[in-house]
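Next come the chains, spelled out residue by residue.
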Amino acid sequence: MPTIDLTGKAAIVTGSGRGLGLAYAHALAAHGASVVVNDVDGDAAEQAVKSITEAGGTAVAEVVPVGGAEAADRLVGRAVEEFGRLDVLVTNAGILRDKVLWKMTDEDFDAVITTHLRGTFTCARAAAVRMREQGGGGTLVLVGSPAGQRGNFGQTNYSAAKAGIAAMARTWSMELARASITVNAIVPVAATAMTETIPALAPYTEALRNGQRLPDFLRKGEGFGTPEDCAALVPFLASDAARGITGQCIGIGGDKVALWSHPQEIRAAYADGGWTSDALADAWSTSVGAEPQTVGIPAPKIPEA
């Protein structure tokens, strides 16, 4: 097995003061990368840097809310100022403003779109400019979600942003291929502040906080574990071992890693001269619509006591 060595590489991880972002930053540093830790919480960012350096890694903090071009330029500029280059960008920063459609305000929608979708765009654009200028390729790791793959009740804004992020990964993988910059979206599933709100998982996340190991039906069956379980994918994608992997959506969690399919036609029907509304009504249930696709993130399968 190859040894993943990122020595000499510089990385930015947005939203890395805690949770998944912190796990990604630690994993990159553990494999030799120098890391710009980003968060809106200055104390969290500084504590993250301290934990990385105490473990033998190299990291600095840049406290700024991602979303606009100025923040993206600051992050890229800090990486170049501190480490002389930029090789890896992980767009992890995000917020939640969950409400059902008829209760979601413009502010709820815009805040999530600004941080997740626009923040991914502006940071990736700034990183791509730098990587293309310095040459030698690079890695963009965009952070998606099962909500972006399947939708999720009460998360219009979040699901839309994460679906857009998956689409951007596919698009940018084509646009940046000539510059040897790989672009992939990861779809992590872990015990975080968001998953703690799922009633069926609450007892298990509480047990996890108390130092207990999650059972196999969650780690394997549901692909659900700790943020650290998701972290290994990021150094791998940033390494030479993954130079041929781009434009993919890759799920990881617990003991499971998986490749998500891209949207594609699954069934078609034809009518000479084109379709009428009446013809569609007559044919739908026995042709194209015979097996409609499901929506939403499947509920965890918790064994009965």
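What counts and how
Residue positions are given per chain, counting from 1 as you read along its sequence in written order. In view of the model being predicted, local features appear only for residues whose pLDDT reaches at least 70, and side-chain atom pairs are presented and counted only at 80 or more, with totals across whole chains, interfaces and linings using the full set of residues. Side-chain calculation: all heavy atoms of the structure are included, whereas hydrogens and water are not. Throughout, an axis means a line fitted to C-alpha atoms (over the contacting stretch in the case of helices), and angles, computed between N-to-C directions, take values from 0 to 180 degrees. Put simply, DSSP H or I for four residues or longer makes a helix, DSSP E for two residues or longer makes a strand, and each gets a number counted from the N terminus. Reported orientations rely on four angle classes, namely roughly parallel under 35 degrees, roughly antiparallel over 145, roughly perpendicular from 65 to 115, and oblique for the rest. Two helices crossing with the near one rotated counterclockwise from the far one by less than a right angle form a left-handed crossing, whereas a clockwise rotation gives a right-handed crossing. Here, two residues are considered to be in contact whenever any of their heavy atoms come within 4.5 Å of each other. Two strands qualify as a pair provided DSSP detects at least 2 bridges between them. Under the scheme applied here, a residue whose accessible area is under 20% of the maximum for its type counts as buried, over 50% as exposed, and between as partly exposed, the area being computed with a 1.4 Å probe on protein chains only. Here, the term nonpolar core denotes a set of buried Ala, Val, Leu, Ile, Met, Phe, Trp, Tyr and Cys residues that are joined through side-chain atoms within 4.5 Å.

So, on to the packing of helix H4 (residues 106-134) against helix H6 (residues 156-175). Relative orientation of the contacting elements H4 and H6 amounts to 15 degrees, with a least axis distance of 8 Å. Considering their axes alone, H4 and H6 lie roughly parallel with respect to each other. Note on packing geometry: the crossing formed by H4 with H6 is right-handed. Counted together, Asp108, Phe109, Val112, Ile113, His116, Leu117, Thr120, Phe121 and Ala124 of H4 and Thr156, Asn157, Tyr158, Ala161, Lys162, Gly164, Ile165, Met168 and Trp172 of H6 form the full contact between these two elements.

What follows deals with the sheet that holds strand E4 (residues 88-91). Read across the open sheet, the eight strands follow the order E3-E2-E1-E4-E5-E6-E7-E8; overall the sheet is mixed. Of all the strands in the sheet, just strand E3 (58-63) and strand E8 (256-259) have a single pairing partner and so form its edges. Neighbour-to-neighbour, the strand axes of the sheet open up by a mean angle of 20 degrees, direction not taken into account. Looking at chain direction, strand E1 (residues 10-13) and E4 are connected through three bridges and run parallel. For Val13, the partnering residue across the bridge sits in E4 and is Val90.

What follows covers the environment of Gly251. The residue Gly251 is located in strand E7 (residues 249-253) in this model. With a relative accessible area of 6%, Gly251 lands in the buried category. Between the alpha carbons of Gly251 and Cys230 there is a distance of 8.8 Å; along the sequence they are 21 residues apart. Every residue in contact with Gly251, bar those within four places of it in the chain, is listed here: Val187, Lys256, Val257, Ala258 and Trp260.

Take the nonpolar core next. By size, the foremost hydrophobic cluster in this structure holds 35 residues, and its most contacted members are Tyr24, Leu28, Val35, Val37, Val90 and Ile186. Considering every element that reaches this core, the biggest residue donor is helix H1 (residues 19-30), with seven residues. If near-sequence neighbours (up to four positions away) are discounted, Tyr24 is found in contact with Val13, Val90, Asn92, Val143, Ile186, Pro188, Cys230, Ala231 and Val234. Judged by nonpolar contacts, the second largest core, of 31 residues, contains Leu75, Cys123, Leu140 and Ile165.

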